[in-house]
Amino acid sequence: MLRNVMRCAAHQRSNYFNTLSHAQKLDQLGRCRFMGKDEFSDGVKAVQGKKFVIIGCGAQGLNQGLNMRDSGCDVSYALRQEAIDAKRASFVNATSNGFKVGTYEQL
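Scope of this entry: the structure provided in the associated data block.

1. Observations regarding the overall build of the chain
At step 1: A tally of regular secondary structure across the chain gives five helices and three strands.
At step 2: Across the chain, helices and strands are ordered from the amino to the carboxyl terminus as α-α-β-α-β-α-α-β.
At step 3: In the chain, buried positions account for 21% of the 107 residues.
At step 4: Pairs at least 24 residues apart make up 39% of the contacts formed inside the chain by residues separated by at least 6 positions.
At step 5: Surface accessibility of the chain: about 8,400 Å² in total, with carbon and sulfur atoms responsible for 53%.

2. Digging into the nonpolar core
Considering soluble globular proteins, one finds that nonpolar side chains tend to be buried as a cluster.
At step 1: Formed by 14 residues in total, the largest nonpolar core has its most connected members in Cys-57, Leu-62, Val-75, Tyr-77, Leu-79, Ala-94 and Phe-99.
At step 2: Those elements that provide at least two residues to this core are α3 (59-70), β2 (74-78), α4 (81-85) and α5 (89-96).
At step 3: In this structure Ala-94 touches Cys-57, Tyr-77, Phe-99 and Val-101, once residues within four positions along its chain are discounted.

3. Re the packing of aromatic side chains
At step 1: Applying the stated criterion to the full structure yields one aromatic pair.
At step 2: Between the aromatic rings of Tyr-77 and Phe-99, the centroid separation amounts to 4.9 Å while the plane-to-plane angle is 85°, which identifies the pairing as edge-to-face. Of this pair, Tyr-77 sits in strand β2 while Phe-99 is found in the loop between α5 and β3 (100-102), placing the two residues 22 residues apart along the sequence. There is no split in this pair, since Tyr-77 and Phe-99 are both buried.
At step 3: Taking NZ or CZ as reference, Arg-69 lies 4.2 Å from the ring centre of Phe-99, over its face.

4. Here's the deal with unusual backbone geometry
At step 1: Phi at Lys-87 is positive, roughly 50°, even though this residue is not glycine.
At step 2: Locating Lys-87 in the fold gives a position in the loop between α4 and α5.

5. Here we look at the pattern of salt bridges
At step 1: On inspection of all chains with the given rule, the structure shows two salt bridges.
At step 2: The shortest N-O distance in the salt bridge between Asp-27 and Arg-31 comes to 2.9 Å.
At step 3: Taking relative accessible area as the criterion, Asp-27 reaches 38% and is therefore assigned partly exposed.
At step 4: Across the pair Lys-51 and Asp-74 runs a salt bridge whose closest N-O atoms are separated by 3.1 Å. With a gap of 23 residues between them, Lys-51 in strand β1 (residues 51-55) and Asp-74 in strand β2 connect regions that are remote in the sequence.
At step 5: Taking the relative accessible area as the measure of exposure, Asp-74 reaches 36% and is therefore partly exposed.

Conventions we followed
Residues numbered from 1 in each chain as written. Predicted model: local features only at pLDDT ≥ 70, side-chain atom pairs only at ≥ 80, totals over all residues. Heavy atoms only, no water. Helix = DSSP H or I, 4+ residues; strand = E, 2+ residues; numbered from the N terminus. Buried < 20%, exposed > 50% of the residue type's maximum accessible area, 1.4 Å probe, protein only. Contact = heavy atoms within 4.5 Å. Areas by Shrake-Rupley, 256 points an atom, 1.4 Å probe, with all protein chains shown as cover. Core = buried A, V, L, I, M, F, W, Y, C linked by side-chain atoms within 4.5 Å. Phe/Tyr/Trp six-rings, centres within 6.5 Å; stacked < 30°, edge-to-face > 60°. Lys NZ or Arg CZ within 6 Å of the ring centre and 35° of its normal. Salt bridge = Lys/Arg side-chain N within 4 Å of Asp/Glu carboxyl O.

Take a look at the structure:
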């Protein structure tokens, strides 16, 4: 029974990108501009002065933010208001590591 409840809870929390069809995913990725390796020949100078907002602060988001900050980037985390209010693990991860946290709309 517990396994079924856990499976249902995990299924309800699937991310937006994974709900898209393959064609929709390709469309979304086609709107992104990926930086080329040559843009980093001068380190992070290509992105200095820009603010980065990472959506969510799970295992990957936290480590990516830490790496970016260690490289001199300005990093914040956007979380759901409910996660902020309830001081969930993602909120604690971000704030205990000294990051600015807010909702997507705030940041």
